[in-house]
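# Chain and residue survey
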Amino acid sequence: MPAPRARQSHHSRGLALRSRGLALVVVATFAAGALRDSPLDRPTDAAWPAVNQWDARLEAEYAEFVARLGDAVEARRCHRLDACLRDPAANLTYEPAVDAALDLHLDCADLPYVLRAYFAFKRRLPFGFVAGTHGDGRDPRYAVGIAPTGYRTWRDYPTPRALLRGVVGHVHSGMYRMAPDVEGSDFYPLRIAPGVVRPGAIYYDPNGHVLVVARVRPDGAVYLIDGHPDGSLTWKRFGAAFAIGTARLGGGFKAFRPLRLVGADVTRAANADLPDFDGVGQYAHRDDPGGPDGGGYHAWVRTALAQAGAAVDPFVEFREQLEAICGDVADRVAAVDAAVAAGLAARAHPDALPDNIYGTEGDWEVYSTPSRDARLKAAVRQLRAFADGLPATAISALVLRALWWQAAAATTCQFAYTDSQGRSVALGLDAVVDRLFALSFDPYHCPELRWGAPPDSSERASCPDDARKRSWYDAERRLRYRIDRAYGVPTPLDDGPDRPPDVDPRRAFRR
């Protein structure tokens, strides 16, 4: 083949079954009725009168709303936003007539906007968003100098449902990529302090990723809801896997600018009117030297958000970082399974990769995992740096080794994927770390290659990929060896180191 090139019971049981069936019929009938007569489908003027204004009480309720959704995502009770909102235990604003048949499709950039719009609808608050941007660059998601060119409000849509769908059609990650002094933007950078960064805040990674803060612990640890192109939601721990960038690129922790309805006009709060605005603080720490967690800015955030008297036990921290990595791997299992179920592994490989493997569209955006894999590698690298920063004593090594073994034996760190012959293949934590840089991000590869099955192993023998597909796997080697992502620029096949970096955390307790 030509060299690959880069581009783009009887009686009682019967009664139970009949009762269950009746219940299902009732629920289905109610849901169908709700769908036909949902307030979401009534005229906006009647269904969404903005009779309230955003104030401290409603902002606090919004934070509680997001935090409750985050609890459900963390517990894996729901994996998509519409499923979470259909769950009365997860949705503080649940109304059967609105939510029983709710159906939403969104990715990471849509998530904050849809959450805000949905809550605004429920609480009769004004809502609007930037509907167009301009900047320097071909891809608006990665341009620089971005500024708004147009706006829309809830009143521009015939029904609330149309607005929710319209938001998804309009917004993209470039809407977050605005400098602090762009006061016409939807967001403003936050002062990093306890009580300021709270559920409902947003973290924008200028590499093109957006997450929603769902929990801030007293010790400063931040947890977020992460949305993905396939519509799934996952639970993430803030750390070095997420970049800050520069002020010009608008990275870091942000919040929605409160909107006010003044007569017929919708106005955005200016920076001077926002007591928690800080257009300098986060960026002043982006180049801090690496802290004990391996990331200077991220260590500073942790310290700045910690409440007075809160202490961080380094061994608890090691365990929690390790548990978060296991959660990332479990999420990757679901992502790879989705690609296989969609049939991509059975298709012929395209003639070329996307011009940039991290920022693209179509099937590659939905089913490939280069960004997900890069964040996993960065989290492993952070754990290694954290462990290396601990005192190099025999006691420390013994504790770290015991924590690793404990985690590796836990069910949450035991994984399995389905191979090409439909068999379940078990993988433990150690195997994943051993294969970290062999995991294929390419959705057209067999599941064995997606999970880095060793060459000439019985595990890889079940992979049906032909020589051409395998040559693509070999050619993508240096891209797999990358940890840090690059967006808005080409990522050719040689865009990475010739050897994988040594980030194995186990070396910290084997020395």
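Note that the structure is a prediction, hence the values are computed from the model and not measured.

### Digging into the side chain of lysine 377
- Within the secondary structure, lysine 377 sits in helix α12 (residues 370–388).
- Nearest to the buried, unbridged lysine 377 among oppositely charged side chains is aspartate 373, at 5.6 Å.
- Apart from residues no more than four positions distant in its own chain, lysine 377 is found in contact with Leu436, Phe437, Arg480, Arg482 and Ile483.

### A word on the packing of aromatic side chains
- Counted according to the given criterion, the structure contains 27 aromatic pairs.
- Where tyrosine 62 meets phenylalanine 119, the ring centres are 5.2 Å apart and the plane angle is 65°; that geometry is what we call edge-to-face. Linking tyrosine 62 in helix α3 (residues 56–74) with phenylalanine 119 in helix α6 (residues 110–122), this pair joins segments that are 57 residues apart in sequence.
- Taking 6.2 Å as the distance between ring centres and 70° as the angle between the ring planes, the aromatic pair formed by tryptophan 364 and phenylalanine 441 counts as edge-to-face. Placement of tryptophan 364 in helix α11 (residues 362–367) and of phenylalanine 441 in the loop between α14 (429–434) and α15 (447–450) is noted, with a sequence separation of 77 residues between them. This pair shows no difference in class: tryptophan 364 is buried, exactly as phenylalanine 441 is.
- An aromatic cluster is present here, built from Tyr113, Phe127, Phe129, Tyr176, Phe187, Tyr204 and Phe256 joined pairwise through their rings.
- The ring centre of tyrosine 62 lies 4.9 Å from the NZ or CZ of arginine 116, which sits over that ring.

### Points about the confidence of the model for the protein chain
- Confidence in the prediction of the protein chain, expressed as mean pLDDT, is 89, and 91% of residues score 70 or more.
- Segment residues 1–34: pLDDT under 50, and 35 contacts once partners within four positions in sequence are set aside and those in other chains are kept.

### Description of the pairing of strand β5 (residues 209–216)
- By the criterion of burial, β5 is predominantly enclosed, with six of the eight residues buried.
- Sheet topology note: the strand β4 (residues 202–205)/β5 ladder contains four bridges and is antiparallel. Within β5, the position partnered with tyrosine 203 by the bridge is leucine 211.
- What sits between the antiparallel neighbours β4 and β5 is a turn of three residues, in which glycine 208 has the positive phi angle 105°.
- With five bridges connecting them, β5 and strand β6 (residues 222–227) associate as antiparallel partners. Within β6, the position partnered with leucine 211 by the bridge is aspartate 226.
- The turn linking β5 back onto β6 is made up of five residues, and glycine 220 within it adopts a positive phi angle of 90°.

### Examining the sheet that holds strand β3 (residues 187–189)
- Taken in spatial order, the six strands make up an open sheet running β3-β8-β4-β5-β6-β7, and their pairing is antiparallel. Single-partner strands in this sheet number two, and they are β3 and β7 (233–237). Going across the sheet, the axis of each strand differs from the next one's by a mean of 40°, ignoring polarity.
- Strand contacts of α6: β3, β4, β5, β6, β7 and β8 (252–256), with the helix running at about 55° to β5, the strand carrying the most contacts.
- Seen against the sheet, helix α10 (residues 314–341) touches β6 and β7 and runs at an angle of roughly 160° to β7.

### Here we look at the side chain of threonine 491
- Secondary-structure assignment places threonine 491 in the segment after α17 (477–480).
- With relative accessibility at 0%, the residue threonine 491 sits in the buried group.
- Engagement of the side chain of threonine 491 in a polar contact is seen with the backbone nitrogen of isoleucine 357, the distance being 3.0 Å.

### What to know about the pattern of salt bridges
- Taken as a whole, this structure holds 39 salt bridges when the rule is applied.
- Linking aspartate 71 and arginine 215 is a salt bridge whose minimum nitrogen-to-oxygen distance equals 2.9 Å. Here aspartate 71 is found in helix α3, whereas its partner arginine 215 is found in strand β5, with 144 residues between them in sequence.
- Judged by its relative accessible area of 33%, aspartate 71 falls in the partly exposed class.
- Assessed through its relative accessible area of 24%, arginine 215 is described here as partly exposed.
- Taking the shortest distance from any N to any O, the salt bridge between aspartate 373 and arginine 332 comes out at 2.7 Å. One end of the pair, aspartate 373, is in helix α12; the other, arginine 332, is in helix α10, and 41 residues separate them in sequence.
- Judged by its relative accessible area of 3%, aspartate 373 is buried.
- One salt-bridge network, in which partners are shared between bridges, spans Arg217, Asp219, Arg237, Arg302, Glu317 and Glu320.

Parameters and conventions
Residues numbered from 1 in each chain as written. Predicted model: local features only at pLDDT ≥ 70, side-chain atom pairs only at ≥ 80, totals over all residues. Heavy atoms only, no water. Helix = DSSP H or I, 4+ residues; strand = E, 2+ residues; numbered from the N terminus. Buried < 20%, exposed > 50% of the residue type's maximum accessible area, 1.4 Å probe, protein only. Lys, Arg positive; Asp, Glu negative; His and termini not counted. Salt bridge = Lys/Arg side-chain N within 4 Å of Asp/Glu carboxyl O. Contact = heavy atoms within 4.5 Å. Phe/Tyr/Trp six-rings, centres within 6.5 Å; stacked < 30°, edge-to-face > 60°. Lys NZ or Arg CZ within 6 Å of the ring centre and 35° of its normal. pLDDT = per-residue confidence, 0-100. Pairing = 2+ DSSP bridges. Axes fitted to C-alpha atoms, helices over the stretch in contact; angles between N-to-C directions. Polar contact = N/O pair within 3.5 Å; in protein donor to acceptor, adjacent residues only side chain to side chain.

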